[in-house]
Every structure is written in C-alpha cells, then in structure tokens.
Amino acid sequence: MNKIAIQKARLLDPESDMDEIGDVIIENGKIAAIGKNLLPPKNPQETQIIKAEGDLLIPAPMDMQVHVGEPGEEYRETLPSLSNAAIAGGVGDMLLMPDTNPAIDEAALVDFQRQRGAKEDAQIHLSGALTKNLNGKRLAEMALMQKAGAVAFCDAARPIQNALLMRHAMTYANDMNALVMHQPQNADLAANGVMHEGRQSSRLGLAGIVWAAETATLARDIALAEITGVKYHALQISTRHAIPIIRNAKKRGLRVSCGVSIHHLLFNEESIGPYKTFMKLMPPLREEEDRKALLDALSDGLIDVLVSGHNPQNQEAKRLPFAQAAFGSVGVETLIPAALSLHAEGAPLNRLIESMTAAPRKLLNLPPKTLAIGMPADLTLCRLNDPWTLEAKTLRSKSQNASLDEYPLKSSVRLTIIGGKIRFEAKKPDK
Amino acid sequence: MINPKPKQNFHHRHLLSTENLSAEDILFLLNLADQYVASNRQANKKHKILRGRTQINLFFETSTRTSASFELAGKRLGADVMNMHFASLSIKKGETLIDTAMTLNAMRPDILVIRHSEAGAVALLAEKVQCSVINAGDGSHEHPTQALLDALTIKRRLGKIKNLTIAICGDILHSRVARSNIHLLNKLGANVRLIAPSTLLPPSTEIFGVEVFHRMEDGLPGADIVMILRLQRERMRGTFVPSEREYFHLMGLTAETLALAQKRAFVMHPGPMNRGVEIDGALADDVTRSLIHDQVEMGVAVRMAVLDALSQKATETKNQSA
C-alpha cells in the first residue's frame, strides 16, 4: 500500500487559512490531493484508509527548542530516542540546542549531528553555538557552521553576560543574515537563584530569580538588535514584564521575535509545591498573572513560537535537594497535546497551531509545510477532546523528568505521518 | 512522672516544619515539654520511653548546640543515640545524600534527626526512609524545634503567647529560625513583627501575615519580646549590608534601643551570638532581660517532647501493621 487516504478530517492550516472538513490523499511522500469528498480510491487494496471522524489534521509541527544528550550525554537522550519521542508526540521537526558535550561550536560537530540526525524519522535542524564552548567569551565559527547546515545560533539556555561580545556576535551574524537566539537573563541579578523570586521562594526559603533579571537583559539585547539590525529571537520569555518590551520592539519594526515554553503556560510558581524538582525550569516558572499574560500574548501573536524546551535529565540529577537539582523538563512528546489543551482556556486553535508550524519555520527560513497539493506529507492527526493523564514512565524519551507527570491533558495525538509514511499510530484504548 | 494527654493527640510521623502543624499540635508538644522541664531539673533525669530505640543525628552542616541538645534529649529518654557529622564539603554535593539516608535506613533506626544546608533536603529524605524524621534545620527553610523552644520559653516567662507582640529582628531572608517562628507564633495568636533592612527581608513578606518595619525605633515600641537573629557573617560582603559597624548602628540591640519596647520586654537569640554586631554584649548577659539561657534549657525539653510524641506515633503504626 503506497497510498494513504485520510477521510473527513478537520483540515487546519493557519498558513493557507484553511479550516474545513475534508480528505487528503498521500502518494509518493507528498500530498497528492486535498479537498471535500474526494473520490474513493480506485484500487482500495493499494490504499490505506484512515477515517479521521473530524479529528484535526495539521502540518506536522516543529519544536523550536530541544536539548539532546548526543554527543556526550547519551544516557539523557540520543538522537534516535529523541526522534521516537517527537514522532509519538506528533512533532515532525525539531531545532536542537547546541549544549551537548562537546558543545556544537564548530562545523565538524554540526556535520556529525546532522548526519546522525538524518537517519531519524523526525527532521532535525541544528543551531550552532554563538560562542566557543558556550562560555560567552569568544565567538564561534558561525559562517563555517552555517555552511555545514546550522540554521540559527545561540548559546542554548546560557545567557551571554558580556554586552560587547553580544554586540559583536549580532553584528557578525547579521552579515550572514543568521538568526541570533538568546535566553535573556542577567547573571548578577539571578545570582544563585533557583526559582522565581516571590511568594513561593519566600515561603520555601529558596534563593529567587527576580523577573527583572530577564527584562534587564532582554532590553539590552533589543538595543543591540537595533544597532546591528540582526534578526533576534528571545528563546523563552517567562515574565509579563517582558511583553511590553517585545511589543515596543516589534512596533518599531525591529526584527525581534520570542518564544514561550508550554510549561510556562500550564504551570506557575505554586506548581513547585513542596520542592518538586521536575518543576525546576530555566527560566523559572513565575506567577499566575505571568502565566495568563503569556497565554494572552501567545494568543494574539505577540509571542511568536511555542516550544517545549525539552531538556532530558536523569533521576540522579533530579533526585536532589531543590537547589542542587538540574533545571529542565522533557516535553517534546507532550507539546502538541498540551498545547491543544490550552484551547479550552480560550487560546485560538489557529494561533496555537501556527506558533508550532509556520511561525518557527519562517523564523528559521525553512521551506514551508502546508496542507496543499505537492507539499511533503508530514502530517499530524490530533484529537481535540480526548482526556487522558500522562504517566511519565510511559514516555519514549530516555529521561522521564516530566513537569507534566500526572497532568490531565485534554487532547491527544492519533497519528504521525512523515514523508508519506505512518511513523506513529496511537494504540486504541483497551475496552 | 510524665503524663502526656491522650496519645492520639499527635498525628505526625515526622516533624518537618511548623507550617504544617496545627495550634493543637503545638500546644500538645509545649505541654509535654513543660513536664520535661521539671523532670530535667531533678537529679535523676532519665526516662525509659525510648529504651531500645535508635536515634541517629545526621548533620550535613556544622552544629554544636542543636546537635548536643538532640543528643542529650535522646539519651535522657533512654534511646541509643549515634551522631554522624558530615562536613558539607567532604560529601560531593548532594551526590550521596539519598544513598546515605538509605544506608542508615537499612540499619533500622527509629528516629533520624537531620540538618542539611539546602531547603527541602530533610523532607526529601523523609520520603525515602521508614523511620520518623525530625528536621533540625534545612537551609533557609525551617527549624521547627527552635521555634517550639522559643515558644516554650515565652510561654513560661509571660504565661501566654496569644496577643503578645513579638518582634523578630535581623537577617530574616536567610533565617530558618524566623520562618519557623513566624508560622508557629501566628498559629498561637501572637502579633508578629519583622524588623530588618529590606535587603535582608524575603521578597514577599505579605504571605507571612506579619507587620514589617525597617528601623528598630519604628518596630520596637510595644514589643513584649525582642527576638534577635544572628547576622551570618558570610552575608557581610557588602551586597546585603555595607559593614558590621553600620549594621550595629541600624539593627544592633542595646539597652537604649530595648528601652523603646515594653517596659519589661525580654530579649531572645537563637545563638550563637555575634556580640557587638546584632546585640550588645552586656545586654545579652543581663539575666533580668535576656532569656538566652532559658532558650537553651527549653531546647532539651522540647526535643524530648518531640521525640516522645513521634515515638508514640511510631509505636501505634507498628502495632497496627503487626
């Protein structure tokens, strides 16, 4: 069977402004036909028919911030385990962060990761380091890495403190029209903080990270982006106070964008409860007011992309006193179900999908993937109303440090098609 | 003889914080401790309540008085007490923390008394072991037995805690003693005030239900108890307060500043003191105003009461499961 027919799906593609019930026929890895009531296939034995029954069919989304352990820390996550996790979560494309061991800071390493990643079902895109060894001191060889295939540059979630170096990095990257990404955080203000500075840190007796640590550096970055003209992307904003800064920069026509993590739209500082280290994230989970403001900003498009920030950590790194535990949560496998769950809280479906499909692809200058004839058949079928509760131990990732453990999700992924082949199909629930 | 009220009065398996104790729990422990004060003043201080039980004091952070107080409390109740002190740096950060606890757990102790430099570390260990755990201080989070002994000290001197005005002064931000005291004193109906420079206050003091002042002359008037916290000298590197000299100028308790409080106000300090930094040496030694030695005495009695209460609970549990 080399054809797949998906019947009666809700075809949703923000890029082509499509939201209708229809059929899709897939042949030779591409979308061969799309429309209402397509004729039944002539040779049914050659066609696999999928009855979508109104489930949501979208271009396979992209997760624009994913940390991996290969090379160097394969016990956390390998490229194959990452790809399996992504596909099971309906994610077709990922942008990897360069904070491996060694860091992806030269062309040979970009090449290594690219070749390793090419074997996997999920499509893997690479970001190279902005500075050598991610230590914020010397520029990395961006032009060579770009030639080897890096599509953006950042020091992963490590903030660059030296403003002059940042200016030079931006100036240099702009010559190559490369996207500079950064996690804005002032290290002096953040000091030894391990969570949001506020009510919960006061109660728990933990050192906090004040919101101004984010906005101080974000404002600096935007000033430097203005001087240099570079395309600048703040990886994740976490505080409501960052929103007017981004809004103002966009209003002035600067090439500035930003992301938010799904965890910051689902949880707040209270979620840490009695020192839950799976809720220790960078940037930290902030207040309920921040969560709501971020969700609104994503809904109205001010925040461009929604990411998981997938950061696998093994048990040894998390089963520690809170201050000593590693930052991060896995998330690539739950990004889409969790994102769709936000629709129930009022976030427009169109925008949620766009923030994981067209928006990241445009920022990274990747060819579009839409629901149109001739497009690659990279598609995800999701069920909007399908409540289930995540058990972290069932995740395909090598690490189970999921903030979403035991979280009641409202939506699920039924099917992932990459290159015209079904790579994941959810098991039918046992009756 | 020690006559605790009906034994089902204390339902906790561990003592990890004062935040999750009820006023009844606190009063139960204070009443029990009161009896141990009397017992400790007799020639024969020994009881059999913990005979055959094993208590391990596991200190991941240096301590003299708390560790000694717990050791004495356990021994006076007849327990076999073992002290283990790990200089924090000799253990590679946290790495063996859970392993250490699991190893000790396998030796079947009945009570673990744990101090650790990180907030939440004691609760983390309590999840992993089968015995009762007492928090002897976790980072800047809580130090519940200190708050209980402070409450006992106040109650015995002033006859009550309800409606007293108690000023906690100094480095609140980093103080586990302050957090435990705030929760406990609030539950018993005291009016709690915090007095500190803003750099040494937690960012969200509003969650504690207290009044906040930044100058001693504003916060002391009307105070029945002035609780002075130790200024941790490692905070003195110029980012929280400029110098010890300046700190003493603003926050140091002297006979003159104490005169701003109630006429018969008492002074307390969890120790160890920095004389001349947060408290004037002569004032600390003035037995008519200072309760510092009472606090140490009450410490042993309170810890005996806690050990007693937790062992009652443990016996119940064991009998039920048998």
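Residues numbered from 1 in each chain as written. Chains lettered and ligands numbered in written order. Predicted model: local features only at pLDDT ≥ 70, side-chain atom pairs only at ≥ 80, totals over all residues. Heavy atoms only, no water.

**Some words on the overall build of chain B**
Okay, so step 1: Helix and strand counts for chain B stand at eleven helices and nine strands.
Okay, so step 2: At 19 Å, chain B has a C-alpha radius of gyration in line with the 20 Å of a compact globule built from 322 residues.
Okay, so step 3: Once the C-alpha set of chain B is aligned to its principal axes, its extents read approximately 60 × 45 × 35 Å.
Okay, so step 4: Considering only contacts in chain B between residues 6 or more positions apart, those separated by 24 or more positions represent 75%.
Okay, so step 5: When the accessible surface of chain B is split by element, carbon and sulfur atoms take 51% of a total near 13800 Å².
Okay, so step 6: Here chain B contributes 39 positive and 33 negative side-chain charges, whose respective centroids are spaced 6 Å apart. (Helix = DSSP H or I, 4+ residues; strand = E, 2+ residues; numbered from the N terminus. Rg over C-alpha atoms; globule rule 2.2 N^0.38 Å. Contact = heavy atoms within 4.5 Å. Areas by Shrake-Rupley, 256 points an atom, 1.4 Å probe, with all protein chains shown as cover. Lys, Arg positive; Asp, Glu negative; His and termini not counted. Charge placed at Lys NZ, Arg CZ, Asp CG, Glu CD.)

**Brief notes about the overall build of chain A**
Okay, so step 1: Counting its secondary structure elements, chain A contains 14 helices and 20 strands.
Okay, so step 2: By principal-axis analysis of the C-alpha atoms, chain A measures approximately 65 × 50 × 40 Å.
Okay, so step 3: Relative to its 431 residues, chain A shows a buried fraction of 61%.
Okay, so step 4: A sequence separation of at least 24 residues applies to 75% of the contacts in chain A between residues at least 6 apart. (Buried < 20%, exposed > 50% of the residue type's maximum accessible area, 1.4 Å probe, protein only.)

**Some remarks on the sheet that holds strand E8 (residues 123-129) of chain A**
Residues and elements named next belong to chain A.
Okay, so step 1: Read from one edge of the open sheet, eight strands run E6-E7-E8-E9-E10-E13-E14-E15, paired in parallel fashion. Each edge of the open sheet is held by one strand with a lone partner, namely strand E6 (62-66) and strand E15 (305-307). Across the sheet, the axes of successive neighbouring strands diverge by a mean angle of 30 degrees, strand direction being ignored.
Okay, so step 2: Examined bridge by bridge, strand E9 (residues 150-154) and strand E10 (residues 179-182) share two bridges and lie parallel to one another. Residue pairing across strands places Ala 152 opposite Leu 179, the latter belonging to E10.
Okay, so step 3: Seen against the sheet, helix H4 (residues 163-175) touches E10 and strand E13 (231-234) and runs at an angle of roughly 150 degrees to E10.
Okay, so step 4: Helix-sheet contacts for helix H7 (residues 212-228) involve E10, E13 and strand E14 (256-261), and the interaxial angle to E13 is about 170 degrees. (Pairing = 2+ DSSP bridges. Axes fitted to C-alpha atoms, helices over the stretch in contact; angles between N-to-C directions.)

**Focus: the pattern of salt bridges**
Okay, so step 1: Counted according to the given criterion, the structure contains 36 salt bridges over all chains.
Okay, so step 2: Linking Asp294(B) and Arg157(B) is a salt bridge whose minimum nitrogen-to-oxygen distance equals 3.3 Å. Residue Asp294(B) is found in helix H11 (residues 292-321), and its partner Arg157(B) is found in helix H5 (residues 144-158); the two are separated by 137 residues along the sequence.
Okay, so step 3: On the basis of relative accessibility, which here comes to 36%, the residue Arg157(B) falls in the partly exposed class.
Okay, so step 4: Across the salt bridge formed by Asp285(B) and Arg275(B), the nearest N and O atoms sit 2.9 Å from each other. In this pair, Asp285(B) sits in helix H10 (residues 281-285) while Arg275(B) sits in the loop between strand E9 (266-268) and H10, placing the two residues ten residues apart along the sequence.
Okay, so step 5: Asp285(B) gets classed as partly exposed once you look at its relative accessible area, which sits at 46%.
Okay, so step 6: Judged by its relative accessible area of 44%, Arg275(B) falls in the partly exposed class.
Okay, so step 7: Residues joined in a network through salt bridges with shared partners are Glu53(A), Asp55(A), Arg383(A) and Arg414(A). (Salt bridge = Lys/Arg side-chain N within 4 Å of Asp/Glu carboxyl O.)

**Things to note about the interface of chain A and chain B**
Okay, so step 1: Listed per partner, the contact involves 16 residues of chain A and 22 residues of chain B.
Okay, so step 2: Carbon and sulfur atoms make up 59% of the area that chain A and chain B hide from each other, which totals about 1600 Å².
Okay, so step 3: For the pair chain A and chain B, the number of links is two salt bridges.
Okay, so step 4: Of the charged contacts, one joins Glu206(B) and Arg199(A) as a salt bridge, the two residues approaching to 3.6 Å between their closest N and O atoms.
Okay, so step 5: The tally of links between chain A and chain B comes to seven residue pairs in polar contact (both at pLDDT 80 or more).
Okay, so step 6: Residue classes in the side of chain A that touches chain B are distributed as seven nonpolar, five polar and four charged. (Buried area = accessible area lost by both parts, 1.4 Å probe. Polar contact = N/O pair within 3.5 Å; in protein donor to acceptor, adjacent residues only side chain to side chain. Nonpolar A, V, L, I, M, F, W, Y, C, P; charged D, E, K, R; others polar.)

**What about helix H6 (residues 176-187) of chain B?**
All names here are of chain B.
Okay, so step 1: Taking 1.5 Å of rise per residue, the twelve residues of H6 would be expected to cover 16 Å, and the 17 Å separating its terminal C-alpha atoms lies within 8% of that figure.
Okay, so step 2: The buried count for H6 comes to ten of twelve residues, which makes it a mostly enclosed element.
Okay, so step 3: Residues of H6 that are buried: Arg 176, Val 177, Ala 178, Arg 179, Ser 180, Asn 181, Ile 182, His 183, Leu 184 and Leu 185.
Okay, so step 4: Measuring from the backbone nitrogen of Val 177 back to the side-chain oxygen at the start of H6 gives 3.2 Å, which picks out Ser 175 as the cap. (Expected span 1.5 Å × (residues − 1).)

**Concerning the packing of H4(A) against H7(A)**
For any two helices packed against each other, one specifies the inter-axial angle together with the distance between the axes.
Residue and element names in this part refer to chain A.
Okay, so step 1: Interaxial distance between H4 and H7 falls to 9 Å at its minimum, and their mutual angle equals 40 degrees. The pairing of H4 with H7 is recorded here as oblique in orientation. The handedness of the crossing between H4 and H7 is right-handed. Contacts between H4 and H7 pair Ala 163, Met 166, Arg 167, Met 170, Thr 171 and Asn 174 from the former with Arg 220, Asp 221, Leu 224, Ala 225, Ile 227 and Thr 228 from the latter.
Okay, so step 2: Of the residues that constitute the contact of H4 with H7, the class distribution is six nonpolar, three polar and three charged. (Parallel < 35°, antiparallel > 145°, perpendicular 65-115°, else oblique. Left-handed = near helix turned anticlockwise from the far one by under 90°.)

**Some words on helix H1 (residues 23-40) of chain B**
Okay, so step 1: Taking 1.5 Å per residue, 18 residues should reach 26 Å; H1(B) reaches 25 Å between its end C-alpha atoms and fits that length.
Okay, so step 2: Residues of H1(B) that are buried: Asp25(B), Ile26(B), Phe28(B), Leu29(B), Leu30(B), Leu32(B), Ala33(B), Tyr36(B), Val37(B), Ser39(B) and Asn40(B).

**Points about the packing of aromatic side chains**
Okay, so step 1: Taken as a whole, this structure holds two aromatic pairs over all chains when the rule is applied.
Okay, so step 2: When the centroid spacing of 5.5 Å and the interplanar angle of 80 degrees are considered together, the rings of Phe267(A) and Tyr407(A) count as edge-to-face. In this pair, Phe267(A) sits in the loop between helix H9 (262-266) and helix H10 (288-299) while Tyr407(A) sits in the loop between strand E17 (388-389) and strand E18 (408-409), placing the two residues 140 residues apart along the sequence. Accessibility classification places Phe267(A) together with Tyr407(A) in one group, the buried group.
Okay, so step 3: Their ring planes at 20 degrees and their centres at 6.1 Å tell us that Phe10(B) and Phe28(B) sit as a pair that is stacked. Linking Phe10(B) in the segment before H1 with Phe28(B) in helix H1, this pair joins segments that are 18 residues apart in sequence.
Okay, so step 4: A cation sits over an aromatic face here: Lys280(A) above Phe327(A), 4.5 Å from the ring centre.
Okay, so step 5: It is Arg303(B) that lies over the ring of Phe70(B); its NZ or CZ is 4.9 Å from the centre. (Phe/Tyr/Trp six-rings, centres within 6.5 Å; stacked < 30°, edge-to-face > 60°. Lys NZ or Arg CZ within 6 Å of the ring centre and 35° of its normal.)

**Overview of the state of the cysteines**
Residue and element names in this part refer to chain A.
Okay, so step 1: Counted according to the given criterion, the structure contains zero disulfides over all chains.
Okay, so step 2: Cysteine Cys 154 is unpaired, with the sulfur of Cys 258 as its nearest cysteine sulfur at 15 Å.
Okay, so step 3: Residue Cys 154 is classed as buried on the basis of its relative accessible area of 0%.
Okay, so step 4: Under the relative-accessibility criterion, Cys 258 is labelled buried at 0%. (Disulfide = S-S within 2.5 Å.)

**Topic: the confidence of the model for chain B**
Okay, so step 1: For chain B, mean pLDDT is 91; residues scoring 70 or higher make up 91% of the total.
Okay, so step 2: Predicted complex, confidence summary: ipTM 0.90, pTM 0.93. (pLDDT = per-residue confidence, 0-100.)

**Overview of the sheet that holds strand E4 (residues 132-138) of chain B**
Sheets are built from strands paired through backbone hydrogen bonds, the pairs being either parallel or antiparallel.
Residues and elements named next belong to chain B.
Okay, so step 1: Sheet architecture is open: four strands sit in the order E2-E1-E3-E4, paired in parallel fashion. At either end of the open sheet lies a strand with only one pairing partner, and these are strand E2 (80-85) and E4. If you compare each strand with its neighbour and ignore which way they point, the axes differ by 15 degrees on average.
Okay, so step 2: Bridging between strand E3 (residues 111-116) and E4 involves five bridges; their strand directions are parallel. When the bridges of E4 are listed, Val 113 appears paired with Ile 134.
Okay, so step 3: In the packing of helix H2 (residues 65-76) onto the sheet, contacts are made with strand E1 (54-59), E2, E3 and E4, and the angle to E1 comes to roughly 180 degrees.
Okay, so step 4: Along the sheet face, helix H4 (residues 121-128) touches E3 and E4 and points at about 165 degrees away from the line of E4.

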